[in-house]
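Letter by letter, the chains look like this.
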Amino acid sequence: WSQVVSEAEKIVGYPTSFMSLRCLLSDELSNIAMQVRKLVGTKHPLLDTARGFVCDSRNNLQMRGLVVLLVSKAAGPSTAELSFQHNMVSGIYSSQRSLAEITELIHTAFLVHRGIVNIGELKSCDGLLKDMQFGNKMAVLSGDFLLANACTSLAQLQNTKVVELISSAIGDLVQGIYYENSKSSEENCLTDDIGISTWKEQVFLSHSALLAKSCQAAMELAKHSTEIQDMAFQYGKHMSMSHKLHSDLQPFVKESSSDSMAFSLNSAPAVLHQEFLGREAWIKQIREVSESIVQNFLLQEAIRAGKGVTSAIDLCRCHGNRALAALEHFPPSEARAALANIVYAVTRFP
């Protein structure tokens with residue numbers, strides 16, 4: 001995965017890991033960073049978010065901006081609009097590069113906001129209450145700052161349809177995260193009978209909508225046809241769905257299963273496992289292991305032994321194939337090949 005991303009970054013002209021650098025080096029955010037340093041030594045999740053943003057090559061937090069740039073380059077210049085092609089660098093319009101930065105700022109803002117902890121659920125071992133409250137204030141402040149910067153840059157693009165697309169993506173993110181938070185505050189078991197179709201709808205809102213609509217917006221900025229805009233949307237949607245499924249599957253497909261990886265009961269393999277098993281049998285299975293010290297491992301093995309994992313792998317590859325099908329509408333190029341390689345990277349399993 002890291003090799004695929006590294007090669008793709010060379011195609012678009014510069015490492016996207018520095019995409020948000022202008023905003024990150026601003027005086028306002030520097031002041032916030034100084035305040036966040038006070039959280040060192042606590043268990044506030046904002047620290048992990050900040051650490052991951054700087055040096056997490058495994059999860060590639062900047063992947064969305066990179067995909068927007070690759071789609072922009074793969075589509076190339078539009079025959080409908082020739083007047084602003086002198087603004088192109090490495091086959092990408094300056095407005096499309098700005099859009100990629102905006103996409104990353106929005107994603108990062110929501111990552112930071114996800115780090116807000118529920119004060120009512122804290123335990124004594126989590127740290128001092130005042131530190132956690134301070135961490136929450138910093139998460140709200142820094143997330144809002146990044147989002148405000150993104151909105152300002154979005155307005156500067158001066159394209160009504162692009163503003164509408166990205167604004168609706170922000171609304172989708174809020175709706176998706178609201179659902180996640182309403183679930184996480186309940187007990188660690190499925191309280192609703194969630195089917196895979198509902199899971200897909202929720203994942204689209206919280207993980208896929210921003211990338212899909214950003215890819216479509218990049219095509220709008222270059223005045224491409226409605227068909228090309230739709231194909232860019234489809235690629236962004238299905239590639240990010242594959243990415244999410246690949247992430248959900250990692251605790252179940254890792255070759256070294258010596259230590260059990262944490263997994264969510266709302267992950268795709270668990271949801272599919274419940275569909276095959278039946279609601280009552282699933283709840284019974286959860287209760288049987290709930291009092292065990294090795295609860296996570298036993299439940300993980302039960303899911304692995306069922307049909308949920310293989311079905312999730314099939315679903316991941318299905319979305320990957322739909323992303324590749326959308327790419328067929330773009331002319332052959334290095335950028336298109338890089339976009340295909342990203343799909344291959346998230347649909348390959350040991």
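Residues numbered from 1 in each chain as written. Predicted model: local features only at pLDDT ≥ 70, side-chain atom pairs only at ≥ 80, totals over all residues. Heavy atoms only, no water.

(A) Representation of the side chain of S208 in the model. Tracing the backbone shows S208 in helix 9 (residues 196–221). Judged by its relative accessible area of 0%, S208 falls in the buried class. Reaching out from S208, the side chain makes a polar contact with the side chain of S240 at a distance of 2.9 Å. Setting aside anything within four residues of it in sequence, one finds S208 in contact with V203, K237, S240 and M241. (Helix = DSSP H or I, 4+ residues; strand = E, 2+ residues; numbered from the N terminus. Buried < 20%, exposed > 50% of the residue type's maximum accessible area, 1.4 Å probe, protein only. Polar contact = N/O pair within 3.5 Å; in protein donor to acceptor, adjacent residues only side chain to side chain. Contact = heavy atoms within 4.5 Å.)

(B) Here's a closer look at the confidence of the model for the chain. Mean pLDDT over the chain: 78, with 70% of residues reaching 70 or higher. Confidence scores differ between elements of the chain, with helix 2 (residues 21–24) showing the lowest mean pLDDT of 50 and helix 14 (residues 308–327) the highest of 96. Contacts for the low-pLDDT stretch residues 17–21, under 50 throughout, to residues beyond four places or in other chains number 13 contacts. Throughout residues 54–61 the model reports pLDDT below 50, and contacts reaching past four residues in sequence, or to other chains, amount to 12 contacts. (pLDDT = per-residue confidence, 0-100.)

(C) Representation of the side chain of D172. Inspection of the secondary structure assignment puts D172 in helix 8 (residues 160–184). You can call D172 buried: its relative accessible area is 11%. Here K213 takes part through its side chain, which lies 2.7 Å from a polar atom of the side chain of D172. Beyond its immediate chain neighbours, meaning those up to four positions away, D172 contacts F204, L205, A209 and K213.

(D) Highlighting the packing of helix 6 (residues 94–114) against helix 9. Interaxial distance between helix 6 and helix 9 falls to 9 Å at its minimum, and their mutual angle equals 165°. Viewed along their axes, helix 6 and helix 9 adopt a mutual orientation that is roughly antiparallel. With respect to the hand of their crossing, helix 6 and helix 9 are arranged in right-handed fashion. For the pair formed by helix 6 and helix 9, the contact residues are S95, Q96, L99, T103, I106, H107 and R114 on the first element and S206, H207, L210, S214, A217, A218, M219 and L221 on the second. Here the residues of the contact of helix 6 with helix 9 are counted per class, giving 7 nonpolar, 7 polar and 1 charged. (Axes fitted to C-alpha atoms, helices over the stretch in contact; angles between N-to-C directions. Parallel < 35°, antiparallel > 145°, perpendicular 65-115°, else oblique. Left-handed = near helix turned anticlockwise from the far one by under 90°. Nonpolar A, V, L, I, M, F, W, Y, C, P; charged D, E, K, R; others polar.)

(E) Spotlight on the pattern of salt bridges. Going through the model one piece at a time under the given rule, you end up with 3 salt bridges. Note that D172 and K213 form a salt bridge whose closest N and O atoms lie 2.7 Å from each other. Note that D172 is positioned in helix 8 and K213 in helix 9, a separation of 41 residues in sequence. K213 shares its class with D172; the two are buried. A salt bridge links D248 to K244; its shortest N-O distance comes to 3.0 Å. Here K244 and D248 lie together in helix 10 (residues 226–253), a separation of 4 residues that amounts to about one turn. (Salt bridge = Lys/Arg side-chain N within 4 Å of Asp/Glu carboxyl O.)

(F) Inspection of unusual backbone geometry at higher detail. Phi at Q158 is positive, roughly 55°, even though this residue is not glycine. Residue placement: Q158 occurs in the loop between helix 7 (129–156) and helix 8. Its relative accessible area of 75% is what places Q158 among the exposed residues. Residue K223 is not a glycine yet carries a positive backbone phi of 60°. Structurally, the position occupied by K223 is in the loop between helix 9 and helix 10.

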